[in-house]
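Structural description and commentary
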Amino acid sequence: MDMTSPPPARHLCTDCGISRTDDPKRCGRACQFIKPDYPALETRAHGRARDPARPDELFFGPFQRMVRARLAPSRAGAQWTGITTRIGERLLETGAVDAVLTMAPHPEDHWRPLPVLITHAEDMASVRGMRMGYAPLLSLLEPARAAGHKRLAVIGIPCQVYALRALERELGFERLYVIGTPCSDNTTTENFHTFLGLLSAAPETITYLEFRADYHVELRFTDGSRQEIPFLQLPISQLPPDFFPLTCRTCVDYTNVLADITVGYMAGQGEQWLLVRNARGEELVRLLGDELVTAPLGSAGKRQGAVKGFLANTRLAAGGLPLRRMPPLLRRVVGWLMPRIGPRGLEFARTRVEMKAVETVLHLRRAEKPRMKSMIPAHVWKLVEPYGLEPEVGEIRKK
Ligand SMILES: Cc1cc2nc3c(=O)[nH]c(=O)nc-3n(C[C@H](O)[C@H](O)[C@H](O)COP(=O)(O)OP(=O)(O)OC[C@H]3O[C@@H](n4cnc5c(N)ncnc54)[C@H](O)[C@@H]3O)c2cc1C
Ligand code: SF4
Ligand code: SF4
């Protein structure tokens, strides 16, 4: 099927590509938005499900170790330092895989993701950086197999990786490496262009955007200049209430718990954050050798106040975007204070995961109540429990 044509109609769908394969009915078994079974897939991928008794697994899923990390030297054009694409390069250089399935920038719009199969290490440089939006990554699984690729690496966001893991055993690859990035607050590329238009009078000159863990958005421009905007100064109130699709407001896996390794930044305090989840993830880290510089993760501040405030604002917004209402001067003061006294490092990552869980419950309760019992895994209810959010009648699965 042509990747540019609309996907077959599905109710909650981020067009991961499965509906475009030879057997589109597999969506029923593969979809994160239908009836996900995280404990079963975690056990299949990592040998065990997340263990809430181990520090931080309730938040981030099963892992063997987590570190703060950077690639030295960092790679030009990468979103952070380029760990993700370097892993792909090394897999191809060493012959561990025949191809890497990932997202390239679309030739007509560098913000639009375009699924590609990369077979030469030197071509990995062309996919560095972040695109906004989603595109049918997994529609290239069948073409990959047809091309004779037996060992494959996939770089994907959580909703893509869920479907990949759900179907892994029937895909017929000899070996599969899964490199995941966290993902949240994604939206269509079209919506993202609207946002860029509010940030700059010349949005076409923006080459880079990141929501950093120090509560600033960083923008880079074609002339090499940079701009940092405190979160509180973002033009959120000018965005339409449905700016973020319901899928991305309610998806239940921020940190890509089914990947062999998750490469993010949230807990990295200015550097990257690696979660090595299983032996295959360790193998991927080893491929980087001395190029990977690691350090222990830090944690500071307290998240509870921030999460409670977010919950109250999300309730008030009643389906729109949660806004912090405050006068401009106070807004500037709080914007200055947040990176200094707000949650930082691991505590920042826990904050974001809890906020996401709060959103899942509140938005589904408002928009898709009958689906809550099949869509919300038990760990999400545990995450929101400290904030007084409990399942109402009919919202959890009967055992
Ligand atoms: C929509 C989105 C939201 C994200 N939100 C967070 C977050 O909240 N917290 C966090 O810690 N990390 C988040 N990330 C991940 C983060 O932006 C970095 O991608 C990650 O830290 C890896 O950096 P890097 O320098 O190693 O990546 P690079 O070496 O630059 O490689 C980036 C890889 O991501 C792939 N990619 C780019 N855009 C997309 C896309 N739209 N869909 C699928 N794959 C894509 C590229 O093909 C490439 O393989 C998000 C990523 C995306 C795409
Ligand atoms: S499995 Fe993928 S294509 Fe199918 S409904 Fe879910 S997100 Fe959409
Ligand atoms: S926010 Fe969730 S549903 Fe949306 S693209 Fe990212 S992983 Fe998929």
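Description of the structure in this document. This one's a predicted model, so the numbers in the text were calculated from it and none came from an experiment.

Quick word on the overall build of the protein
- The helix and strand tally for the protein stands at 14 helices and 13 strands.
- Its C-alpha radius of gyration of 20 Å places the protein within 12% of the 21 Å reference for a compact globule of 399 residues.
- Dimensions of the protein, computed from C-alpha atoms along their principal axes, come out at roughly 60 × 55 × 45 Å.
- Among the 399 residues that make up the protein, the fraction classed as buried is 56%.
- Accessible area of the protein: about 17400 Å², with a carbon and sulfur share of 54%.
- Where the 54 positive side-chain charges of the protein centre and where its 44 negative ones centre are 6 Å apart.

Remarks on helix 9 (residues 279-288)
- Buried within helix 9 we find Gly281, Glu282, Leu284, Val285, Leu287 and Leu288.
- Tucked into the core, helix 9 has its buried residues touching strand 1 (65-71), helix 4 (83-93), strand 5 (175-180), strand 9 (261-264), strand 10 (272-276) and strand 11 (292-295).
- Measuring from the side-chain oxygen of the N-cap residue of helix 9 to the backbone nitrogen of arginine 280 gives 3.1 Å; that N-cap residue is asparagine 278.
- Looking one or two places after helix 9, you find glycine 289, whose phi comes out positive at around 50 degrees.

A word on the site of ligand 1
- In the vicinity of ligand 1 lie 32 residues, with Trp80, Thr84, Thr85, Met103 and Tyr254 positioned nearest.
- When isolated, ligand 1 has an accessible area of 910 Å², and the protein chains bury 98% of it.
- When contributions to the shell around ligand 1 are tallied by element, the ones reaching two or more residues are helix 4, strand 2 (99-106) and strand 9.
- No other element matches the three residues that helix 4 contributes to the shell around ligand 1.
- Of the residues belonging to the shell around ligand 1, the class tally is 15 nonpolar, 14 polar and three charged.

Some details on helix 10 (residues 304-317)
- In a regular helix each residue adds 1.5 Å, so 14 residues correspond to 20 Å; helix 10 covers 20 Å between its end C-alpha atoms and thus fits that length.
- All of the buried residues along helix 10 are Val307, Phe310, Leu311, Thr314 and Ala317. Viewed along the axis of helix 10, the buried residues span an arc of 130 degrees, placing them on a single side of the element. In helix 10, the exposed positions that point more than 90 degrees away from the buried face belong to Gly305, Lys308 and Leu316.
- Along its buried surface, helix 10 packs onto helix 12 (346-367).
- Directly beyond the C-terminal end of helix 10, a positive phi value near 45 degrees is found at alanine 318.

Re the pattern of salt bridges
- Evaluated as defined, the whole model comprises 35 salt bridges.
- The partner of arginine 48 in a salt bridge is glutamate 57, and the shortest N-O contact between them spans 2.7 Å.
- The shortest N-O distance in the salt bridge between glutamate 93 and arginine 90 comes to 2.7 Å. Of this pair, glutamate 93 and arginine 90 both sit in helix 4, separated by three residues, roughly a single helical turn.
- The exposure class of glutamate 93 is partly exposed, given its relative accessible area of 43%.

Description of the nonpolar core
- In this structure, Phe60 and Trp273 are the most contacted members of the largest nonpolar core, which totals 77 residues.
- Of all hydrophobic cores here, the second largest spans 29 residues; its members include Val67, Ile83, Ala96 and Leu288.

Points about the packing of aromatic side chains
- If you walk through the whole model with that rule in mind, you get 12 aromatic pairs.
- Aromatic rings pair up to connect Trp111, Phe192, Phe195, Phe211, Tyr215, Phe231, Phe243, Phe244 and Phe348 into one cluster.

Section: the side chain of aspartate 253
- Its place among the elements puts aspartate 253 in the loop between helix 8 (246-250) and strand 9.
- No salt bridge is formed by the buried aspartate 253; the nearest opposite charge belongs to arginine 50, separated by 5.5 Å.
- In this structure the side chain of aspartate 253 is engaged in a polar contact, spanning 2.9 Å, whose partner is the backbone nitrogen of asparagine 256.
- Engagement of the side chain of aspartate 253 in a polar contact is seen with the backbone nitrogen of valine 257, the distance being 3.2 Å.
- Contact partners of aspartate 253, with chain neighbours within four places excluded, come to Gln32, Tyr38, Pro158, Cys183 and Leu258.

Cut-offs and rules
Residues numbered from 1 in each chain as written. Chains lettered and ligands numbered in written order. Predicted model: local features only at pLDDT ≥ 70, side-chain atom pairs only at ≥ 80, totals over all residues. Heavy atoms only, no water. Helix = DSSP H or I, 4+ residues; strand = E, 2+ residues; numbered from the N terminus. Rg over C-alpha atoms; globule rule 2.2 N^0.38 Å. Buried < 20%, exposed > 50% of the residue type's maximum accessible area, 1.4 Å probe, protein only. Areas by Shrake-Rupley, 256 points an atom, 1.4 Å probe, with all protein chains shown as cover. Lys, Arg positive; Asp, Glu negative; His and termini not counted. Charge placed at Lys NZ, Arg CZ, Asp CG, Glu CD. Contact = heavy atoms within 4.5 Å. Polar contact = N/O pair within 3.5 Å; in protein donor to acceptor, adjacent residues only side chain to side chain. Near = heavy atom within 4 Å. Nonpolar A, V, L, I, M, F, W, Y, C, P; charged D, E, K, R; others polar. Expected span 1.5 Å × (residues − 1). Arc of directions from axis to C-beta. Salt bridge = Lys/Arg side-chain N within 4 Å of Asp/Glu carboxyl O. Core = buried A, V, L, I, M, F, W, Y, C linked by side-chain atoms within 4.5 Å. Phe/Tyr/Trp six-rings, centres within 6.5 Å; stacked < 30°, edge-to-face > 60°.

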